[in-house]
Amino acid sequence: MGALDLVGTWDAPEAAVAVVAPGHAGVVAAVGDRAQRSRWASVTKLVTALAALVAVEEGTLGLDDPAGPPGSTARHLLAHASGLAFDEDKVLAQPGERRIYSNTGFETLGRELSDRAGMPLVRYLTEAVLEPLGMAETRLEEGGTPAAGLVGPLEDMIRLASELLEPTLVSAETFRLATREVSFPGLEGVLPGVGRFRPLDWGLGFELRNGKDPHWTGKRNSPATFGHFGGSGSFLWVDPDARLGCAVLSRREFDSWALQVWPELSDAVVAEFGEE
């Protein structure tokens, strides 16, 4: 049985999965409808984070510019360290004190980015990330947020995975800061639906696997793996050591089922397609 044959055993009939490697070929294996548009949910945060990093390199936004609650910066918002609550405009901790996963923090970041750029956020996301990467069928739906509002096909998530394997939108230094270095090291927190971690490592918008166990990626994924999953049953991880990315869209909401089958799939993908 090949790695992607496992998808047929899921109780998620509309799931679409792709394995991506560097180079022009990109996709090394895929199953499901790559053109069907689905909710990305919190995988949206990866696009918002990339847009924020583009803004940093353009000089539109500074990582240490004040943003959010008093004492918080854009860096805090990207790293879920601002103290803002998960889904309400309420401060639960001082900036840099705890890792509180926060949709509100990303919505605050989106407003800040829009204000600094002098344009609607949807336009900035489009011009900074979606258009340059050819993600023509993905858009922030009306009323959607920079935390969880993108809707698009697996084909566009593949393009995003390819970018994360071989970045072109930002410099290698900025990309490393976002995906390899822990922002505010040592903070503990809860990864929603997975559990509490001490520490809960995060980069700039990207969750860093490091030593987390249990996790939604596989045990074969290297500690350098980074990415995000979404409540719509979606995920995107990139393992720079295996030189692979894996993207999933489905229409089955995230729950305990995902924590049973996603790690198994991830292990099989790394075993079958990863570089030694």
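Thresholds, definitions, all that
- Here the residue index of a chain counts from 1 through its sequence in written order.
- Given that this is a predicted model, residues contribute local features only at a pLDDT of at least 70 and side-chain atom pairs are listed and counted only at 80 or more, while totals for whole chains, interfaces and linings are drawn from all residues.
- Heavy atoms throughout the structure, all of them, feed into the side-chain values; hydrogens and water do not.
- Every helix listed is a DSSP run of H or I at least four residues long, and every strand listed is a run of E at least two residues long, numbered separately from the N terminus.
- The globule rule used for comparison is 2.2 Å times the number of residues to the exponent 0.38, while the radius of gyration itself is calculated over C-alpha atoms.
- Throughout, exposure labels follow a simple rule: accessible area from a 1.4 Å probe, protein chains only, divided by the maximum for the residue type, with under 20% read as buried, over 50% as exposed, and the rest as partly exposed.
- Any two residues whose heavy atoms approach within 4.5 Å are treated as being in contact.
- Here, Shrake-Rupley sampling with a 1.4 Å probe gives the accessible areas, and only protein chains in the shown set may cover a residue.
- Note on terminology: a nonpolar core comprises buried Ala, Val, Leu, Ile, Met, Phe, Trp, Tyr and Cys residues joined through side-chain atoms within 4.5 Å.
- Each patch is built from residues that are more than 30% exposed by relative accessible area and take part in no salt bridge. Like charges join if they lie within 9 Å; nonpolar side chains (Val, Leu, Ile, Met, Phe, Trp, Tyr) join within 5 Å.
- In what follows, salt bridge is the name for a side-chain nitrogen of Lys or Arg lying within 4 Å of a carboxyl oxygen of Asp or Glu.
- In this charge count, Lys and Arg are treated as positive and Asp and Glu as negative; neither His nor the chain ends contribute.
- Every charge is mapped onto a representative atom, which is NZ of Lys, CZ of Arg, CG of Asp or CD of Glu.
- By this definition, two strands are paired if DSSP reports at least two bridges between them.

**Student:** Would you mind going over the overall build of the chain in detail, with residue names and values included?
**Tutor:** Within the chain, the secondary structure is distributed over seven helices and twelve strands. Here the chain has a C-alpha radius of gyration of 17 Å; the compact-globule value for 276 residues is 19 Å, and the two agree. For the chain, the C-alpha atoms occupy an extent of roughly 55 × 40 × 35 Å along the three principal directions. Counting across all 276 residues of the chain, residues that qualify as buried make up 57%. A sequence separation of at least 24 residues applies to 59% of the contacts in the chain between residues at least 6 apart. Accessible surface for the chain amounts to roughly 11200 Å². Of this, 47% is attributable to carbon and sulfur atoms.

**Student:** For the nonpolar core, give the residues involved together with the corresponding values.
**Tutor:** Residues Trp40, Val47, Leu160, Leu164, Phe206 and Leu236 are the most contacted members of the largest nonpolar core, which totals 55 residues. Take this core: its biggest share by element is nine residues, from helix α1 (residues 44-58). Ignoring any residue separated from it by four or fewer positions in sequence, one finds Leu164 in contact with Leu46, Leu50, Phe175, Phe206, Phe226, Leu236 and Val238.

**Student:** An account of a negative patch on the surface is requested, with residue identities and associated values reported.
**Tutor:** Together, Glu57, Glu58, Glu173 and Glu181 give the surface a local cluster of negative charge. Along the chain, the position of Glu58 falls in helix α1. With relative accessibility at 51%, the residue Glu58 sits in the exposed group.

**Student:** Tell me what's going on with the side chain of Ser102, and back it up with residues and numbers.
**Tutor:** Mapped onto the fold, Ser102 is located in the loop between β4 (99-100) and α3 (103-117). Not counting chain neighbours up to four residues away, the residues in contact with Ser102 comprise His80, Leu84, Ala85 and Phe86.

**Student:** Describe the sheet that holds strand β3 (residues 37-39), with residues and values.
**Tutor:** Strand order in this open sheet of three strands is β3-β6-β5, and the pairing throughout is antiparallel. Since the sheet does not close on itself, it has two edges, and those belong to β3 and β5 (139-140), each with one partner. Strand direction decides the pairing type here: β5 and strand β6 (residues 150-153), joined by two bridges, are antiparallel. Opposite Arg139, over in β6, you have Val151 as the bridge partner.

**Student:** An account of the pattern of salt bridges is needed here, citing residue identities and associated values.
**Tutor:** What the rule picks out here adds up to 14 salt bridges. With a shortest N-O distance of 3.8 Å, Glu14 and Arg251 are connected by a salt bridge. Of this pair, Glu14 sits in the segment before β1 (16-20) while Arg251 sits in the loop between β12 (244-249) and α7 (256-273); the two residues are 237 residues apart in sequence, bridging distant segments of the chain. The exposure class assigned to Arg251 is partly exposed, which follows from its relative accessible area of 47%. Through salt bridges with shared partners, one network takes in Asp65, Glu112 and Arg116.

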